[in-house]
Amino acid sequence: MQGLMQDFPLTIPHLFSRAETLFGDKQIVTALPTGVTRTTYAEWAERTRRLGGVLDTLGISADGRVATFSWNTQRHLELYFAAPCTGRVLHTLNLRLFPEQVTYIVNHAEDEVIFVDKTVAGLLWPLLSTFTTVRHIVVVNDGGPFDTSEVPEGMEVHDYEALLAEASPVQWPAIDDENRAASMCYTSGTTGNPKGVVYSHRSTVLHTMAAMFADSVGICEADRILPVVPMFHANAWGLAHAGVASGADLIMPGPDLSPPSLAKLIEEERVTVAAGVPTIWMGVLPELAGRDTSALRIIPCGGSAVPKALSEGFREQVGLPILQAWGMTETSPVATVSKIKSTLADLPEEKLADLRATQGLPVLGVEIRVVDQATGEPVKRDGIDRGELQAAGPWIARTYYNDERSDESFTADGWLRTGDVATIDAEGYVRLVDRTKDVVKSGGEWISSVELENEIMAHPKVAEAAVIGVAHPKWQERPLACVVVKPGEELTRDEVLEFLEPRVAKWWLPDDVVFIDEVPKTSVGKFSKKDLRDRFKDHVLPTA
Ligand code: ADP
């Protein structure tokens, strides 16, 4: 017997029309170098429909790739919706990638047009001649002069506002197939060329709903959301879509992601949800001292492990611990969220802090399993046995876009192999031990670099710490701690090791500690272990 409900396609115009018809007077605020701008959803919706007309006028194909090279702004949000609502495919370019990676992904995705913020146009301009399919560059004027000459033949440069002024608003065409591509995003490519993930209308709508579940991030109409996480990094974790669908106000930080500027926005704009990677919050916490943060209700954070000390620092100073989430570009990205079950809420504060330092429980809609890499069997749910974290669900990628490397990333039964090593406990909480490539392999045993970093960063004089494996003649690899000391403080190798001794197994103790000025960061603000490994590949560990 069949169910008798409507087969209603889940499409992005449905999200759009909620903001347009129900929440027309709610706001999008953008902090630009030229000042703060405020727009209502009604104005934004009208401009977005006109932008749809612009895409038609430019002759972008029916499913043409519309690339953005842009910070988080209201105009980027116009593109976020105009491209998929007209059936085209939004392609967010990570503006911090290496130039050759930008060239690779623009050509691989076959982008037809790139919308570029004037403030970052200087990064794109030298690459124009390397693009094989781009016919239009649209410059979004967000302040400052820029010379738009020297454009290769066959490519036209336009001004965003001029195009918009000439265009008429369009009705969205019907999108009958909810599995049609809506947007794409490439992984940040820590090894090899970036890989393309293609989201569908259906996956985006379902992921948007998931961002609104009370037991995940719980975005709702009353929120004022500050997505510090870039819109070019894994869909700004779904916050742009969820903001529009719920009618929440969006506070777009623009290009200035400096801690003082973010702290100011949080206070002045009465932000309720502020989301970013751990390195952002490490910088912002001291800047929040003495500011009114009473509107904040949730600080979602992920992308790399949230140090317990950081979350506790927020709890003590701001009165709100960080809400850790885990995900990947391939998982849209929200997959697990570390909310504390009501049955565990009475645990001592120390245990709750430990629980918040886990990656949490899968959100409704996502299935996860932790698999022993040798046997292929699920590991025991004891919080100890480790294995590869794998995920399945309607907003998890099933393959990469035109990429031969896909096979190695998906299992025979279609699950995503995340490349993360994890444990899972009896309550279902997932704890990420490490990325497979970052785990320190010492004499056939694994040492979690993440856990060591967590402990080192609990030292009051430590600003940042990253642990890498370096070659060892007997043990294959041993941990090296790379430590950044807080300004004005002094710390020695022995002090670090003494601090760690009671906190980790003896054989986990790093063989050496080096002091560095800063931990190198990836394009999305994560610790770049690859850079550290390159830098310290010849580091000679002291012999015991
Ligand atoms: P990249 O692989 O280039 O970093 P992604 O942003 O897609 O691009 O990164 C996904 C990876 O980030 C995950 O596989 C995991 O290793 C790491 N990650 C994400 N969230 C967390 C978290 N809360 N704790 C630890 N690691 C995380």
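Since we're looking at a predicted model, the values are computed, not measured. (Residues numbered from 1 in each chain as written. Predicted model: local features only at pLDDT ≥ 70, side-chain atom pairs only at ≥ 80, totals over all residues. Heavy atoms only, no water.)

1. Thoughts on the domain arrangement of the protein chain
- If you check the domain split of the protein chain, you get domain 1 (12-28 + 44-220) and domain 2 (440-535).
- With centres defined by C-alpha atoms, the gap from domain 1 to domain 2 works out at 39 Å.
- Note on domain 1 versus domain 2: buried area summed over both sides is about 350 Å², and carbon and sulfur give 51% of it.
- The interface formed by domain 1 and domain 2 contains zero salt bridges.
- Across the domain 1-domain 2 interface, the total number found is two residue pairs in polar contact (both at pLDDT 80 or more). (Domains from an automatic or database assignment. Buried area = accessible area lost by both parts, 1.4 Å probe. Salt bridge = Lys/Arg side-chain N within 4 Å of Asp/Glu carboxyl O. Polar contact = N/O pair within 3.5 Å; in protein donor to acceptor, adjacent residues only side chain to side chain.)

2. Looking at unusual backbone geometry
- For the peptide bond that leads from serine 332 to proline 333, omega is 15°, which places it in the cis range.
- Assignment of secondary structure puts proline 333 in the loop between β14 (323-327) and β15 (334-337).
- One non-glycine residue, arginine 270, adopts positive backbone phi at about 50°.
- Locating arginine 270 in the fold gives a position in the loop between α9 (259-268) and β12 (273-275). (Helix = DSSP H or I, 4+ residues; strand = E, 2+ residues; numbered from the N terminus.)

3. Observations regarding the sheet that holds strand β20 (residues 430-435)
- Pairing is antiparallel across the open sheet formed by four strands, whose spatial order is β17-β18-β19-β20. Two strands close off the open sheet at either side, each with one partner strand: β17 (367-371) and β20. Between one strand and the next, the sheet's axes are offset by a mean angle of 45°, whatever the strand orientation.
- In this structure, β17 lies alongside strand β18 (residues 387-392), joined through five bridges in antiparallel fashion. Looking at β18, one finds that arginine 369 is bridged to glutamine 390. (Pairing = 2+ DSSP bridges. Axes fitted to C-alpha atoms, helices over the stretch in contact; angles between N-to-C directions.)

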